[in-house]
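Structure assessment
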Protein chains: 2
Amino acid sequence: MATLEDIGVSALINIITAFAFLLAFAILRIQPFNDRVYFPKRYISGERTSPRHSRNFVAKFVNLNITTYLTFLNWMPQAMRMSETEIINHAGLDSAVFLRIYTLGLKIFLPVTVLALLILIPVNVSSGTLFFLRRELVVSDIDKLSISNVRPESIRFFYHIGLEYLFTIWTCYMLYKEYDYVTSMRLHFLASQRRRVEQFTVVVRNVPHVPGHSLADTVDHFFQTNHPNDYLFHQALYNANKYARLVRRRERLQNWLDYYQLKFERHPEKRPTGKMGFLGLWGKSIDSIEYYKQQVKQIEKILTLERQKIIKEPKSILPVAFVSFNSRWGAAVCAQTQQSKNPTLWLTNWAPEPRDVYWRNLAIPFFSLSIRKLIISLSVFALVFFYMIPIAFVQSLANLEGLERVAPFLRPVIELKFIKSFLQGFLPGLALKIFLYILPTVLMIMSKIEGHIAFSTLERRAAAKYYYFMLVNVFLGSIVTGTAFEQLHSFLHQSPSQIPRTIGVSIPMKATFFITYIMVDGWAGIASEILRLKPLVIFHLKNMFLVKTERDREKAMNPGSVDFPETLPSLQLYFLLGLVYAVVTPILLPFILVFFAFAYLVYRHQIINVYNQQYESIAAFWPHVHSRIIASLLISQLLLMGLLSTKKAANSTPFLVVLPILTLSFHKYCKNRFEPAFRKYPLEEAMAKDILERSTEPDLNIKAYLADAYLHPIFRSFEEEEELVEVRVDKHQTRRVSPPVSEPSSPSPPHYVYHPPSPPHYVAHPSSPPQYVYQPSSPPQYIYHPSSPPRYAYHYEVEP
Amino acid sequence: MATLEDIGVSALINIITAFAFLLAFAILRIQPFNDRVYFPKRYISGERTSPRHSRNFVAKFVNLNITTYLTFLNWMPQAMRMSETEIINHAGLDSAVFLRIYTLGLKIFLPVTVLALLILIPVNVSSGTLFFLRRELVVSDIDKLSISNVRPESIRFFYHIGLEYLFTIWTCYMLYKEYDYVTSMRLHFLASQRRRVEQFTVVVRNVPHVPGHSLADTVDHFFQTNHPNDYLFHQALYNANKYARLVRRRERLQNWLDYYQLKFERHPEKRPTGKMGFLGLWGKSIDSIEYYKQQVKQIEKILTLERQKIIKEPKSILPVAFVSFNSRWGAAVCAQTQQSKNPTLWLTNWAPEPRDVYWRNLAIPFFSLSIRKLIISLSVFALVFFYMIPIAFVQSLANLEGLERVAPFLRPVIELKFIKSFLQGFLPGLALKIFLYILPTVLMIMSKIEGHIAFSTLERRAAAKYYYFMLVNVFLGSIVTGTAFEQLHSFLHQSPSQIPRTIGVSIPMKATFFITYIMVDGWAGIASEILRLKPLVIFHLKNMFLVKTERDREKAMNPGSVDFPETLPSLQLYFLLGLVYAVVTPILLPFILVFFAFAYLVYRHQIINVYNQQYESIAAFWPHVHSRIIASLLISQLLLMGLLSTKKAANSTPFLVVLPILTLSFHKYCKNRFEPAFRKYPLEEAMAKDILERSTEPDLNIKAYLADAYLHPIFRSFEEEEELVEVRVDKHQTRRVSPPVSEPSSPSPPHYVYHPPSPPHYVAHPSSPPQYVYQPSSPPQYIYHPSSPPRYAYHYEVEP
């Protein structure tokens, strides 16, 4: 049991750590050579091109301006300067709403903290059985400040119950306001947005195979029959997974070729050689440049064959299609209705944004999806509850004896006392550390196996899995000692009313642990987030060894998106901690407040300057955030009930029973009220936008606009190779024309992926009809004829 | 613990009872004066008009044909003669599918019974610890035949586990086939059906109030904007609940008037008089005929005022409307999509059939629905678990001392020994009996409070509530002794893994109880169902005292629908019993088989000859039947696991864990595969029917067809009173013209309610425009013009 002093020391250490990180960040970020690590978003949005504005050679890399060092914390006001609207324009709605989670935390916990500290601390301290020891408070147990200090059967528990009611009502009120606001933001974003292809497009899965008809004909016929007024065309999908693998292989080979060519350019006296065998360690010696040139040529041939095979063979067409409509209304209708008598065929749903599509999963046969889901949910359950078993097994192997047996030559080193003790402390934890490090990746792979077709969905599903893991293994696992597996066993053999007691009793005792957790994982974690140590090192390493062209540098600089699968669950854990401890050990609350405020600042800075969202889901994650905070509320209420029932507060506990029911009803109400805005597209909205567009842009060629929007990025290169001349700029600033064959067309090069969906630049080549969508032999059948607006062709006899 | 002999005796008694009922039925049903009780459906469908074909006066009432008495069981082959298609045409799809539940029971349990008896009985008997007592088997415990007889830790449990797998797979297979078949029946019924108004109509709830606009304008504007091609018109709804109350009161008064007039006609020498005061017991003496004539006249005036008030006052228009479309496609689109940005406004859903609409609930403000739902679900929970508390309280009052205190003059009677013992045995049970008798009504009222707007939904909800009650109080309550409240308490304080054990252990011991239950409630219950003792008595009483006109007789004869809220849950209970006992005590299975076979015959007869469905929900209850049988499977698996774990069969129990997971996956698959067919209307289907109709009936005036279909039945009398001349035929076969003022227009007279929705006979009066739907001053705006088919007005530039 830690004393207040211990906590103070721990806080001091963590504050110093965080401060050191901040200082390091402040110094590093103003160095020009780090500019691309700390401000990549500025480059991507085109605000900066190159930091090398100074003529001084040293100043190119090191900041010599003393004054900038003095104002080293000025990133904070800078981060605050941008308004929310500007953030939405700059980084997208997802990022802006992500920041609102932090402000929501502040809004919820600021009044809660003030009230809890003002009311509960005096109540707890004064009513304690150890009241007479008050002068020793500073050095005594932190439990004196918590609910543990209140005598059993005390009437004072009504303070706690009353405050739990108050906090619940306040949290619900804030949640309601926030859900309302986010919903209106979402709707406003949709309404004010430019035309977007996904508003006109629906993804159709499980298209049935009609014997004697091609898949394209089947789709065309079905939608021409059932959506005669609205159907425009569809984009067939090819199983390009094998092709994509080949392209990736070509890129790898090309990279080696480039590497050896660069090596040869730098040292023209020595032609690089390698060996044929495994990892280039043995085998016949060869000329590396020649070898890789040959390899690349060979794979080019295979690629051409594969490409033709995909286009010609009907089997490579997937029973999935992106169906485009001539109006938002038509797409909204098609996405929300059941199409076929057999509800497992012709499944329609909103198409994700083109850059949000996870192409590989489109090839998954639909019938296997439910089996995949079942298997993955069982695996997640196993992972959450039994993950300690394989780790313990690995730990039992990864000890010193095991190491000595495997590598006897290491014995003299290991036997050194210093190294031995270090390894003994280090090795057993290593397996766990590695596991926790790769866990988000594992969960993401699991979500991919589940077969979702959008990155945004994948990230949300991975976040959900990570949340369950944290809830069981961090929250419950810290409170009830023992592994999750042991907990599961004891929960199965305890009565349902006993479980909240068991957990409730241990809650106040674990407050110090969680305070430390908040400081280490929260404060220091956030400080290290802004320092970006890993990307910094990797960028400079890449820059030193790998970067050959400007595009390579851009690739090395790519900051990625905010890591939702990890940050959302941890955020939700802080909400849970705050709500659970609000009435139990209110002294924990200020630590959470500091976390939210600090993290808000940091992420604001990061979103403005660093991260570059890959997709825009228009705050699709908010319903999950909302429902997990509600779940936290419910958990806190149940645990408080369990805690109070052990305090023999039988006269006051029943008052709490109403609270979960009310909270659940509130949740249900919110679900009805707001969630449809995140799942469906109201017809009123669609129609309003359609009408507006028709009046402002009567000549719009919607078909040309939509054409190719959902072409697999890998096929874009087909069209380009004949026409585009790739300009490559290498490190020596020489321009040379690369032959189209050896052009390293990456499977999804960032400048295609991040391409804004509006005016597709392929429309500019009307001479090349989109080959893989329609049979070129058939004339374009469904061209939208703007002179006869279709929706109004239906006239009533008598005008109203 | 009952012996086999006890069971035999009980079976004999029940068989004799059932046989006696059947004999009574066979004799009663061939008496002509009972014809209207046993064959009302034949009258309604017009196959019979009056049984008085014989000229002999006695033969009018008593069957004198001896040969018909000899073939008294011939109703059975008669019931079997009708094919399923004929039943669908005769009684509707609901009834036909209802019968399929019984055949499903037979299909599931016939092979299960054979297998279980052949395999498990020898296994159980031979492996028993009391094996050497086999020769005394006939008189020994029934438990010898059950799983209880198997030694703990025996390897023979694998037989039971294997059979549980087999039975589960077989049940799932049959369920799948049946769900598939019922779905195709439903779709086929929808496809082959004549045009039905509900296919074109959508009910819109929570229409927002736009200041300065009437509700009708708001609805018109909204749908003209958002469904410009499809919207036809809407039917506004008036809050006529008060008016309906007044109409009911007028009818009551009119009945009294008729009664006194009849009395006066029979005894013209004595003019009937009554008293003004409470129940006619005291007060000023009056002439009854004059008094009621005056009263009726008075209420007529109030009615006229109220009618005008409803029509003129905008407040009486409810924010609900039935919106009609010019195509099924348009209605299907509107019903399945979200209309408004605010998802709690403009809520669209399929309109129920006009005769299925529960008009009173349309007036419930939408926002109160969720509160109502919450309150009702809490009340159902309380009712299921705590219903014994008020009954015990009433029982404590309703004893002999209490009775004597209330009515001291009864003391001499009560003190008689015979009467005292009778009352002592009778009174405490009376409260429970009354409660169980009124329970379905209470549950129906609860469902009505929940605010569903269709009778079919109300009945399904009431059935669900009744099922929960039966599951907890009949099934669990019989297995675990003690009240449901005590069970709840013990379950809350037991571990989740302990509960299946507690129940599982007692299951084999309760087999005899359930066998008796099946015989008493099942066999004898079904036999009394066919006897229709209560309707028989009530019909003859009514016929004797109340029936004055032919219409009165029709009303007295009205058989109502199959009582789904009671029969479905009891049926589901039999499935549960069969599945639970299949491997535990297989001797119970034959009793269930007999029940299913017998009940199938009886209900087939009843559906053909007696019941008259009020509405057609097109088998909307099937998903519930399916999921409750799945729930029964899960319960049986859990209980078997619990039972085996007490038998120390640790090596075999884990094999069962997979089964619930597989069953749940199967359920989920079925839900995805079939349930949408019961909730949504596929566009493909709607479009196909639309196209077919347009080609076969190009001149169809869809607007005239739909006009008034959803007018509140109470308002029909408005239109008629000016035009229709009601012909009343009284007992004396004299025709007289009733003055329109005193015509007893019942709130929902059966011949309006049962009116088939096709060709509404109001269309025949084109001179009277539907007054309460549109402002008559505005010309009919949206008349469908068949010469320009609207859906095809949109032509593409190049014909495909």
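Calculation rules
- Residues numbered from 1 in each chain as written.
- Chains lettered and ligands numbered in written order.
- Predicted model: local features only at pLDDT ≥ 70, side-chain atom pairs only at ≥ 80, totals over all residues.
- Heavy atoms only, no water.
- UniProt positions renumbered as here; feature names shortened; annotations may be inferred.
- Helix = DSSP H or I, 4+ residues; strand = E, 2+ residues; numbered from the N terminus.
- Buried < 20%, exposed > 50% of the residue type's maximum accessible area, 1.4 Å probe, protein only.
- Areas by Shrake-Rupley, 256 points an atom, 1.4 Å probe, with all protein chains shown as cover.
- Expected span 1.5 Å × (residues − 1).
- Bend = angle between axes of the 7 residues up to and from the residue.
- Pairing = 2+ DSSP bridges.
- Axes fitted to C-alpha atoms, helices over the stretch in contact; angles between N-to-C directions.
- Contact = heavy atoms within 4.5 Å.
- Patch = residues over 30% accessible without salt bridge, like charges linked within 9 Å, V, L, I, M, F, W, Y side chains within 5 Å.
- Salt bridge = Lys/Arg side-chain N within 4 Å of Asp/Glu carboxyl O.
- Disulfide = S-S within 2.5 Å.
- Phe/Tyr/Trp six-rings, centres within 6.5 Å; stacked < 30°, edge-to-face > 60°.
- Parallel < 35°, antiparallel > 145°, perpendicular 65-115°, else oblique.
- Left-handed = near helix turned anticlockwise from the far one by under 90°.

As stated in UniProt under Sequence similarities (unreviewed entry), the record for chain A gives "Belongs to the CSC1 (TC 1.A.17) family." Turning to chain A, the UniProt record has this under Subcellular location (unreviewed entry): "Membrane".

A count of helical and extended segments in chain A gives 32 helices and eight strands. Residues classed as buried in chain A amount to 53% of the 800 residues present. Carbon and sulfur atoms make up 65% of the accessible area of chain A, which totals about 37200 Å².

With that out of the way, let us pick up helix α7 (residues 93-126) of chain A. Taking 1.5 Å as the rise per residue, α7 of chain A with 34 residues should run 50 Å; its terminal C-alpha atoms sit 48 Å apart, in good agreement. Its maximal kink placed at A116 of chain A, α7 of chain A deviates by approximately 30°.

Right, let's get into the pairing of strand β5 (residues 317-325) of chain A. Residue and element names in this part refer to chain A. The buried count for β5 comes to seven of nine residues, which makes it a mostly enclosed element. Bridging between strand β1 (residues 201-205) and β5 involves four bridges; their strand directions are antiparallel. Across the sheet, the residue bridging to V204 is A321, located in β5. In this structure, strand β2 (residues 231-238) lies alongside β5, joined through six bridges in antiparallel fashion. The residue bridging Y231 from the neighbouring strand is F325, located in β5.

Residue and element names in this part refer to chain A. Pairing is antiparallel in the open sheet, where four strands are placed in the order β2-β5-β1-β6. Pairing within the sheet leaves two strands with one partner each, and these edge strands are β2 and β6 (347-350). For this sheet, the mean angle separating the axes of adjacent strands, direction not counted, is 30°. Along the sheet, helix α9 (residues 215-226) contacts β1, β2 and β5; its crossing angle with β2, the most-contacted strand, is approximately 155°. Across the sheet, helix α12 (residues 328-336) is in contact with β1, β5 and β6; its angle to β6 comes to roughly 130°.

This part covers the environment of A91 of chain B. All names here are of chain B. Tracing the backbone through its elements, the reader meets A91 in helix α6 (residues 84-91). The class of A91 is buried, set by a relative accessible area of 10%. A C-alpha to C-alpha distance of 35 Å links A91 and S379, two positions 288 residues apart in sequence. When sequence neighbours within four positions are dropped, the list of residues in contact with A91 reads K41, I607 and Q613.

Residues and elements named next belong to chain B. Along the chain, the position of L656 falls in the loop between α26 (622-646) and α27 (658-674). For L656, a relative accessible area of 0% translates into the label buried. Once the C-alpha coordinates of L656 and N34 are considered, the two residues, 622 residues apart in sequence, prove to be 55 Å apart.

In this section: a nonpolar patch on the surface. The grouping of L533, V537, L541, M544 and F545 of chain A at the surface amounts to a nonpolar patch, some 520 Å² of accessible area in total. Relative to the assigned elements, M544 of chain A resides in helix α22 (residues 533-545).

Taken as a whole, this structure holds zero disulfides over all chains when the rule is applied. Counting only cysteine sulfurs, C334 of chain A is the nearest neighbor of C334 of chain B, a cysteine outside any disulfide, at a range of 16 Å. Relative accessible area serves as the criterion here: at 0%, C334 of chain B is assigned to the buried category. The cysteine C670 of chain B is free of any disulfide, with C172 of chain B supplying the nearest cysteine sulfur at 7.6 Å.

Further remarks concern the sheet that holds strand β6 (residues 347-350) of chain B. Residues and elements named next belong to chain B. With respect to topology, four strands assemble into an open sheet ordered β2-β5-β1-β6, the strand pairing being antiparallel. Every other strand in the sheet has two partners, leaving β2 (231-238) and β6 as the edge strands with one partner each. When strand polarity is set aside, the average angle formed by the axes of neighbouring strands in this sheet is 30°. Packing of helix α9 (residues 215-226) onto the sheet brings it into contact with β1 (201-205), β2, β5 (317-325) and β6, and relative to β2 it is tilted by some 155°.

To continue, consider the packing of aromatic side chains. Residue and element names in this part refer to chain B. Going through the model one piece at a time under the given rule, you end up with 72 aromatic pairs over all chains. Centre to centre, the rings of F322 and W359 are 6.1 Å apart; their planes meet at 70°, and the pair counts as edge-to-face. Highlighted residues: F322 in strand β5 and W359 in the loop between β6 and α13 (368-386), separated in sequence by 37 residues. Judged on exposure class, the residue F322 and its partner W359 are both buried.

Attention shifts here to the pattern of salt bridges. All names here are of chain A. One pass over the full model with this rule turns up 32 salt bridges over all chains. Salt-bridge contacts for E306 lead to K242; the nearest nitrogen and oxygen are separated by 3.5 Å. Taken together, the residues E306 in helix α11 (residues 288-312) and K242 in helix α10 (residues 241-266) connect sequence positions 64 residues apart. Looking at E306, the relative accessible area reads 8%, which means it is buried. Of the residues examined, K242 reaches a relative accessible area of 41% and is grouped as partly exposed.

Residue and element names in this part refer to chain B. Close contact between α13 and helix α18 (residues 455-479) brings their axes to 9 Å; oriented N to C, the two are set at 30°. Our classification of the angle between α13 and α18 gives roughly parallel. Classified by chirality, the crossing of α18 by α13 is right-handed. Along its contact with α13, which presents I376, V380, L383, V384 and F385, the element α18 presents K465, Y468, F469, V472 and N473.

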